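These are the residues of each chain, in order.
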Amino acid sequence: MLFNSDFFKSEESWYEKVKSPVELVAGVLRLTGEFDQARRQILERSKQMLYMGQQLINPPSVEGWHQGTEWIDTGTLLERLNFATEQFGDTGRPGVKAMIGRILADRGGVISPDRLVQGCLDQMGAISVSEHTRASLVEFASRDGDIQLSDAEPDEHARQRVAGLMQLTSVTPEFQRS
């Protein structure tokens, strides 16, 4: 019943909840494909959640963890943004490499800044952004003009441009919220 309600489907309810550190880290790690199986390095990611204000299985009170904008303060915001940009900026991560490949899959074509932005938004979770955010992303993507693709593999500059746009997208309010 709740999931069929007009309120639930309303655009006004989109992106109203700030992702908890666990939601942010798990979502980013899923997108970047850093871990395909359990490994010792996952412990470092749990520390990053702690720096963002959430320690798994240790809520601050019996009420549980904070919700909404309580996750955001000067220090935790910086941790969130640094984590996301570091992850999406590493073009060697399997998920990042795959997303870039899908965005640049139009061999022999031209990718305009607007199309590049839309491709990044789609690959990073079908994110809908405000006009202001979209304009900022398009302005950033426009700095080097269109991406010219040949029949060969996209060059490193094209991949870095996409990674840079993904990094910028990861710090938008819409990505930080769910």
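These figures come from a predicted structure and were not determined experimentally.

Calculation criteria
- Residues numbered from 1 in each chain as written.
- Predicted model: local features only at pLDDT ≥ 70, side-chain atom pairs only at ≥ 80, totals over all residues.
- Heavy atoms only, no water.
- Helix = DSSP H or I, 4+ residues; strand = E, 2+ residues; numbered from the N terminus.
- Buried < 20%, exposed > 50% of the residue type's maximum accessible area, 1.4 Å probe, protein only.
- Contact = heavy atoms within 4.5 Å.
- Areas by Shrake-Rupley, 256 points an atom, 1.4 Å probe, with all protein chains shown as cover.
- Axes fitted to C-alpha atoms, helices over the stretch in contact; angles between N-to-C directions.
- Parallel < 35°, antiparallel > 145°, perpendicular 65-115°, else oblique.
- Nonpolar A, V, L, I, M, F, W, Y, C, P; charged D, E, K, R; others polar.
- Phe/Tyr/Trp six-rings, centres within 6.5 Å; stacked < 30°, edge-to-face > 60°.
- Lys NZ or Arg CZ within 6 Å of the ring centre and 35° of its normal.
- Salt bridge = Lys/Arg side-chain N within 4 Å of Asp/Glu carboxyl O.
- Lys, Arg positive; Asp, Glu negative; His and termini not counted.

On to the overall build of the chain. What the chain contains, in helices and strands, is 9 helices and 2 strands. Start at the N end of the chain and walk to the C end: the helices and strands fall as α-α-α-α-α-β-α-α-β-α-α. The proportion of buried residues among the 178 residues of the chain is 37%. Sequence separation of 24 or more characterises 73% of the internal contacts of the chain that already satisfy a separation of 6 or more. For the chain, the computed accessible surface area is about 10,400 Å², with 54% contributed by carbon and sulfur atoms.

Let us look at the packing of helix α2 (residues 21-32) against helix α4 (residues 74-89). Running from N to C, α2 and α4 cross one another at 10°; their axes reach a closest spacing of 10 Å. Looking at the two axes, α2 sits roughly parallel to α4. Side by side, α2 and α4 meet where P21, L24, V25, V28, L29, L31 and T32 of the first sit next to R80, F83, Q87 and F88 of the second. In terms of residue class, the contact of α2 with α4 is built from 8 nonpolar, 2 polar and 1 charged.

The final tally for this structure, using the stated rule, is 1 aromatic pair. Residues F88 and F175 carry aromatic rings whose centres are separated by 5.8 Å and whose planes lie at 85° to one another, so their mutual orientation is edge-to-face. Highlighted residues: F88 in helix α4 and F175 in helix α9 (residues 173-176), separated in sequence by 87 residues. Each member of the pair, F88 together with F175, is buried. When the ring centre of F175 is taken as reference, the NZ or CZ atom of K19 above it lies at 4.3 Å.

This part is about the pattern of salt bridges. Throughout the structure, instances matching the rule amount to 4 salt bridges. R93 is paired through a salt bridge with D90; the nearest N and O atoms lie 3.6 Å apart. Taking relative accessible area as the criterion, R93 reaches 13% and is therefore assigned buried. Measuring nitrogen to oxygen at the nearest pair gives 3.3 Å for the salt bridge that ties R159 to E156. With a gap of 3 residues between them, R159 and E156 both fall in helix α8 (residues 156-170), about one helical turn apart. Exposure remark for R159: the relative accessible area of 26% places this residue in the partly exposed category. Where salt bridges share partners, they join E34, R45, D90 and R93 into one cluster.

Time to look at the side chain of R134. Looking at where R134 falls in the secondary structure, it is placed in helix α7 (residues 131-142). Nearest to the buried, unbridged R134 among oppositely charged side chains is D114, at 4.1 Å. Leaving out residues up to four positions away in the same chain, R134 has contacts with D114, V117, Q118, L121 and V129.

Limitation: the analysis is restricted to geometry and does not speak to function.
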